[in-house]
Amino acid sequence: MINPNLKGIVILITGGNSGIGSAITEQFAEMGSKIIIHYYDKEEKATQLVRTIQESGGEAVAIYADLRQEQDIDQLMEKSIKAFGTVDALINNVAACVLDTIFDTTGETIDEHFEMNARVPVQLMNRFVLLHKEQGKKEGSIVNISTDASQKLRGKFLMEQVKQH
């Protein structure tokens, strides 16, 4: 059941400083949640979001992590615990979307898609569940967000690319 009272709930939002992540960050902050904004780039945006949340009476921190690095995932969780003592919810929002075509797809771009869109979310979920087990918690929430970018490679799109060459 969805808890409509999210006041005080600690939420870690990956990529929480831009795009959909920023909107999610702002909404949960308005609901009274304590926010951990993960960012990889756009540090100024992350810092501004923290400032805005704090100025309106909320609690937030921004934490840098290169989620492609396992040690950064561990440090993100450690810094989150240091900030708020726990993480009640994880929103896996960060993703990689390389807009390549069938003509320029490489092993490297395939690896990049897989790493950020499959491996990283699974590793974050793993750390989140291990944290809950360690803290003796019985409940927590994980939300995995995807985009419609995969639809860009539909058959019709591919045929259009072939026709252009």
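In the block above lies the structure referred to throughout.
Below, the structure is looked at part by part. Given the structure is predicted, the values throughout are model-derived calculations rather than measurements. (Residues numbered from 1 in each chain as written. Predicted model: local features only at pLDDT ≥ 70, side-chain atom pairs only at ≥ 80, totals over all residues. Heavy atoms only, no water.)

### Examining the sheet that holds strand β4 (residues 89-92)
At step 1: Here five strands make up an open sheet; going across it, the order is β3-β2-β1-β4-β5 and the pairing parallel. Of all the strands in the sheet, the pair left with one neighbour each is β3 (60-64) and β5 (141-144). Sheet twist, expressed as the average angle between the axes of neighbouring strands with direction ignored, equals 15°.
At step 2: The pairing of strand β1 (residues 10-13) with strand β2 (residues 34-39) spans four bridges and is classified as parallel. Each bridged residue has a counterpart across the sheet, and for I11 the counterpart in β2 is I35.
At step 3: Sheet strands in contact with helix α3 (residues 70-84) are β1, β2 and β3, and its direction is about 160° off that of β3. (Pairing = 2+ DSSP bridges. Helix = DSSP H or I, 4+ residues; strand = E, 2+ residues; numbered from the N terminus. Axes fitted to C-alpha atoms, helices over the stretch in contact; angles between N-to-C directions. Contact = heavy atoms within 4.5 Å.)

### Thoughts on the packing of aromatic side chains
At step 1: The full count for this structure, using the stated rule, is two aromatic pairs.
At step 2: Considering the side-chain rings of Y39 and Y64, the 5.9 Å spacing of their centres and the 65° angle between planes classify their relative orientation as edge-to-face. Of this pair, Y39 sits in strand β2 while Y64 sits in strand β3; the two residues are 25 residues apart in sequence, bridging distant segments of the chain.
At step 3: Relative accessible area serves as the criterion here: at 10%, Y39 is assigned to the buried category.
At step 4: Under the relative-accessibility criterion, Y64 is labelled partly exposed at 39%.
At step 5: Between Y40 and Y64, the ring centres sit 6.1 Å apart and the planes meet at 25°, which makes this aromatic pair stacked. Placement of the pair is Y40 in the loop between β2 and α2 (43-55) and Y64 in strand β3, with a sequence separation of 24 residues.
At step 6: Taken together, the ring pairs connect Y39, Y40 and Y64 into an aromatic cluster. (Phe/Tyr/Trp six-rings, centres within 6.5 Å; stacked < 30°, edge-to-face > 60°. Buried < 20%, exposed > 50% of the residue type's maximum accessible area, 1.4 Å probe, protein only.)

### Looking at the side chain of T25
At step 1: Among the secondary structure elements, T25 is positioned in helix α1 (residues 19-30).
At step 2: Looking at T25, the relative accessible area reads 0%, which means it is buried.
At step 3: Of the polar contacts made by the side chain of T25, one reaches the backbone oxygen of G16; its length is 2.8 Å.
At step 4: Those residues within four positions of T25 in sequence are excluded, and the remaining contacts are I13, G16, I35, I37, L49 and I53. (Polar contact = N/O pair within 3.5 Å; in protein donor to acceptor, adjacent residues only side chain to side chain.)

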